[in-house]
Every structure is written in C-alpha cells, then in structure tokens.
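# Working through the structure, step by step
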Amino acid sequence: MLPRRFGRYLLFDRVGKGGMAEIFLARAVTELGAARLVVVKQILPELAGDPAFAQMLIAEAKLAARLRHGNVVQVYELGREGDQLFIAMEYVEGFDLHALLRQLSRTKTALPAEFAIFIVREVLGALSYAHRAKTDDGAPLGLVHRDVSPSNVLISLEGEVKLCDFGIARALSVAHVEAGAAELDDDAGDASGEELAPVSKLAGKSAYMSPEHARGEPVDARADVFAAGILLWELCAGRRMIRGSEAEMLAQARAGVVPALPERGLPEFALLQAVVSRALAAHAGDRFATAADFQRALDGYASKARLVASPLRFGTFLTDNFSAELVAHRRSRERGAQALELGPPVVLERLDGGALPEATATEAATEAQTAADAKTAAETNAAAETKTAAVTKAAAETKTAAATKAAATTPTTTGTLPARKGRAAAWGLALAGLSATALVVAWLAGWLR
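Residues numbered from 1 in each chain as written. Predicted model: local features only at pLDDT ≥ 70, side-chain atom pairs only at ≥ 80, totals over all residues. Heavy atoms only, no water.

### Here's the deal with the overall build of the protein chain
Note the cut-off: Strands here are runs of E lasting at least two residues and helices are runs of H or I lasting at least four, both read from the DSSP assignment and numbered beginning at the N terminus. For the exposure calls, accessible area comes from a 1.4 Å probe over protein chains only, and a residue counts as buried if that area is under 20% of its type's maximum, exposed if over 50%, partly exposed in between. Pairs of residues are marked as contacts when any of their non-hydrogen atoms sit within 4.5 Å. We get accessible surface area from the Shrake-Rupley algorithm with a probe of 1.4 Å; when it comes to residues, only the shown protein chains can shield them.
Across its full length, the protein chain carries 13 helices and nine strands. Buried residues in the protein chain amount to 37% of all 449 residues. Sequence separation of 24 or more characterises 64% of the internal contacts of the protein chain that already satisfy a separation of 6 or more. Element-wise, carbon and sulfur atoms account for 58% of the exposed surface of the protein chain, whose accessible area totals about 25800 Å².

As structure tokens, then:
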C-alpha cells in the first residue's frame, strides 16, 4: 500500500522487483526539513535472512559507497529497518537501458547510432573509475561489477548515463553457492563426468556473462569489459546477442561463441567490427586490458565515423520523446506523498449522524473550503470595520479636545470689550483724583508764603 513509511523514508512509487530486491522511489526528509528523492531497495526476505549473503552485501555496499563519479550511482545508506535489509541510493529520473529500449520499440523510435556509442562509452567511464579505485591507504579496492547489463545502466532525462549495483552480483553468488553446490552433489553420479559450475539464479543475467564468469572461474576487470562489449553489440545490432532459455543462454556464454555483428549501414563498419571483436574475445588475455583502453578505442571510432554525441544532445532526444509521460506519473505520486506528510485529510460528518447530501468527496471538500474562505473573509471585513470605527472615534475625540483647549486659552470678542471699558473708566477716575489733589497742594503752598 503506497504511500507508506519505511523508517525515515516515505515510499510513494514502486519502481519494480528484481531477483534481489523490491525497488521503491521515496522521499527522505532531514531534521531541518530538507527533502530529496532517493531509491530504496528492500532486500527480499529470503536473501536478507541468509547470513552469508547479508555479510557479503554489507561488505560490498561499503566499498561501493566510497565511489564518487559522475557515471556511478551513489550509495547513501545501507541499513536495517526491523528485519528488513535495505540500500538507499541516488535517484536518477529517467529509465534504465532495458526500459528505454522497450520504450523505443513501443513507439517505433530508432536510437541514433551516436547515442548508442555514447551510452557504452559512459558505462566504460564508470567501469574505468571503479576498477582503479583505491583505499585510503592507496591499496586497490579490486572492484569488479559482475553484472553490467541493461537493467543496471540508468539514463536520466538530462542525458546522463550511470552504472548502479556494484558488488551486488558477488553477494548474490555467495548466497547461491550452497544451492549450487547441492545441485552439483545431485549431479555427481552423472555418467558424463563433466564438471559443472553453479547456475545463476538471476533470470537473463547469464546473457551478459563472460565465458570465465559463466564457467564459475575467478573474474577480474576484463569480465566487465566483455559485458560492456555485449551492450555495444546489442545497441549496434538492434537485438539481443544471446537468446534462449536460461540454460541455453548459460551454455552459449560458457562457449564464448560470439555471432558476427550484422551490417546495418553504420559508417566505418570494419573499424567498429574490430573494436567489438576485441572486446568480446573468448580469452580474457585477448581483450582490451582495461575499460579505459576499450573507451579510447571506441572514442577513436566515433571520431572517425563522426558519431560523437554529448549529454545535452542525448537529453534533448530523450526529453522530446519520453519525458512528459514519465515525469507526470512520478510528480503525481510525489504530490500524494507530500500530502501524506502534511497530515490526514479532513473528514466531513453531520452533527446529527446522518448522511451528507449526495455529492462527491471532491465536491464536499470544495464546499468546505469555500465556506472556510467565506468565514475568513467575513471575519477580516468585520475586523477592518471595527478598526475603522475606532480610528474615526479617536480622531473625533482628538479634534474636540483640541477645540476646547483653544477656546479656553484664546479670549473671545464678546467677553473682552466690557472688561476693557471698565478698566479705562477706573484709570480715568484715578487720574482725575490726582489732578484735584495737586491743585489743593499748590493753593496751600501759595497761601503759606
């Protein structure tokens, strides 16, 4: 049931299921709220419960987590959630090569030759880096992919090509060795006396095995070179190189017989055939010694044949043909996951316990939202009106107080005129009295003389 929680991850889209794990697209949210998309591979219970497999997977995943390269899918976390073992890794929005070829077939769209060459050279870039990787002390890690096949080549809508699942095949071989040994014991009495190797339990994977790998012999980086050569053969031929039942494909891989590359009008075909033949040599010593050597030879062919491509051009080709459907599907699932993170949805119920009026859930939710919006608007308007009334009242009170103060401090014309007349009359009487007194004093002074 999706979406659902898995530890700190929110799984919201099931990508698929393989021989080792069930694969989901998930959202990971940090403590600070930052979110990113990741791929979570939940290891199948029958494998996670195998101690030998779990131990080997942990060891290989730790080595793979050290890889940092533009053509390698980054491993973020290897852990357990309850009894489930899982790997969280970088999400590449696009297709794996197997799905891309299916889409091309479904839409009857041809893959241009320059893009076929580009895909393989980018895979070789990833292999070259991984084969040369070292520990912190400078010792070689000795990484061999062992499962270079279309389902492990991821292609983004930006034109990036990335290789994933380094070391997984080795862990699986350890998990199945006991089953293979049991099969050998059962066949020990076979009259032919032929020595057999444990059969791969991964459906279809034997079609990309080198002869030494299919025979159960030790492998090195040249086994990955052979597998990349098969990818080149198939992309140039437009079909599978090895076909048949699982047992038939395994037998063909052990024999190391490679069919001639069909002529399809590719430029400089003889040079291309020489590059493919050397990559697919039955004996490891006759192949390119390293993935880097293979990549240089392929670049030389692409340059001479004028089949040089870039991530930008490849991304444009993918976006023009396939992005709309893929992105719309993933975005819709992601929106569902984001909604789940926000909390449970609102459920409308009648207070009397009766049924809601006949309407779809969407209509009911819309009506509820409309009512909520109306209520919010009414509350906002009421608050605005109250605030306006308060401001108006305060302004009126302020104006009245100012007028009263002015009236008290500034005399009016009606009250001032009588007061002035009264004071003038008083001063007149006083002056008249002084004048009379002065006359009397002057008369007495004259009489006394």
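Back to the write-up after that little detour.
### Focus: the sheet that holds strand S5 (residues 75–81)
Sheet strands pair by backbone hydrogen bonding; their relative direction is either parallel or antiparallel. Put simply, the test is: Two strands qualify as a pair provided DSSP detects at least 2 bridges between them. For helices, the fitted line uses only the C-alpha atoms of the stretch in contact; every axis is such a line through C-alpha atoms, and the angle between N-to-C directions lies from 0 to 180 degrees.
The antiparallel open sheet is built from six strands, whose spatial order is S1-S2-S3-S4-S6-S5. One side of each edge strand has no neighbouring strand; the edge strands of this open sheet are strand S1 (4–6) and S5. Each strand of the sheet is rotated relative to its neighbour by a mean of 40°, with strand direction disregarded. In the packing of helix H2 (residues 51–64) onto the sheet, contacts are made with strand S4 (35–43), S5 and strand S6 (84–90), and the angle to S5 comes to roughly 155°.

### Let's talk about helix H10 (residues 291–304)
Keep this limit in mind: Expected helix span is taken as 1.5 Å per residue step, with the number of steps being one fewer than the number of residues.
Taking 1.5 Å per residue as the helical rise, H10 with its 14 residues ought to reach 20 Å, and the 20 Å between its terminal C-alpha atoms agrees with that figure. Turning to H10, its buried residues number three or more, namely Ala291, Ala292, Phe294, Gln295, Leu298, Tyr301 and Ala302. In the core, the buried residues of H10 are packed alongside helix H4 (113–132), helix H7 (221–237) and helix H9 (269–279). Positive phi appears at Arg306, one or two residues downstream of H10, with a value of about 55°.

### Quick look at the side chain of Asn152
By the secondary structure assignment, Asn152 is in the loop between H4 and strand S8 (153–156). Of the residues examined, Asn152 reaches a relative accessible area of 4% and is grouped as buried.

### Overview of the packing of H7 against H9
Quick reminder of the rule: Each helix crossing is assigned a hand: it is left-handed if the near helix lies turned anticlockwise from the far helix by less than a right angle, otherwise right-handed if that turn is clockwise. The classification used treats Ala, Val, Leu, Ile, Met, Phe, Trp, Tyr, Cys and Pro as nonpolar, Asp, Glu, Lys and Arg as charged, and all other residues, Gly among them, as polar.
One can describe the packing of H7 onto H9 by two numbers: an axis separation of 8 Å at closest approach and a directional angle of 145°. Pair H7 / H9 crosses with left-handed handedness. Contacts between H7 and H9 pair Val225, Phe226, Gly229, Leu232, Trp233 and Cys236 from the former with Leu272, Val275, Val276 and Ala279 from the latter. Across the contact of H7 with H9, the residue classes break down as nine nonpolar, one polar and no charged.

### Things to note about unusual backbone geometry
Looking along the chain, the bond that leaves Leu2 and enters Pro3 is cis, with omega of -5°. Structurally, Pro3 is set in the segment before S1. The phi torsion at Arg146 lies on the positive side, around 75°, for a residue other than glycine. Summarising the element assignment, Arg146 is placed in the loop between H4 and S8.

### Observations concerning the pairing of strand S3 (residues 21–29)
With seven of its nine residues buried, S3 lies for the most part within the structure. Where strand S2 (residues 9–17) meets S3, seven bridges bridge the pair, whose relative direction is antiparallel. In the strand pairing of S3, Asp13 is matched with Leu25. Counted along the chain from S3 to the antiparallel partner S4, the turn is five residues long, and its residue Gly33 has a positive phi close to 95°.

### Quick notes on the pairing of S5
Sheet topology places S5 next to S6; six bridges connect them, and they run antiparallel. For Glu81, the partnering residue across the bridge sits in S6 and is Gln84. Here S5 hands over to S6 after two residues, with Gly82 in that stretch at a positive phi of 70°.

### Concerning the sheet that holds strand S7 (residues 94–96)
Taking strand neighbours across the sheet as the criterion, the three strands line up as S7-S8-S9 in an open arrangement whose pairing is antiparallel. The open sheet is flanked by S7 and strand S9 (161–163), the only strands paired with a single partner. In this sheet, adjacent strand axes meet at a mean angle of 25° when their direction is disregarded. Strands S7 and S8 of the sheet are contacted by helix H3 (residues 97–106), whose axis makes an angle of about 105° with S7. Each of S8 and S9 is contacted by H4, which is oriented at about 40° to S9, the strand it contacts most.

### Here we look at the pattern of salt bridges
Inclusion rule: Any Lys or Arg side-chain nitrogen located within 4 Å of an Asp or Glu carboxyl oxygen qualifies as a salt bridge.
For the coordinates displayed, the defined rule picks out 14 salt bridges. Note that Glu122 and Arg121 form a salt bridge whose closest N and O atoms lie 2.7 Å from each other. One continuous salt-bridge network, built from bridges that share partners, spans Arg121, Glu122 and Asp299.

### Description of H9
Defined as follows: Regarding the arc, it is the one traced by the directions from the helix axis to the C-beta atoms.
Along H9, the residues classified as buried are Phe269, Leu272, Gln273, Val275, Val276 and Ala279. Buried residues along H9 cover an arc of 160° about the axis, so they all sit on one side. On its buried face, H9 sits against H7 and H10.

On their own, these measurements won't tell you what the molecule is for.
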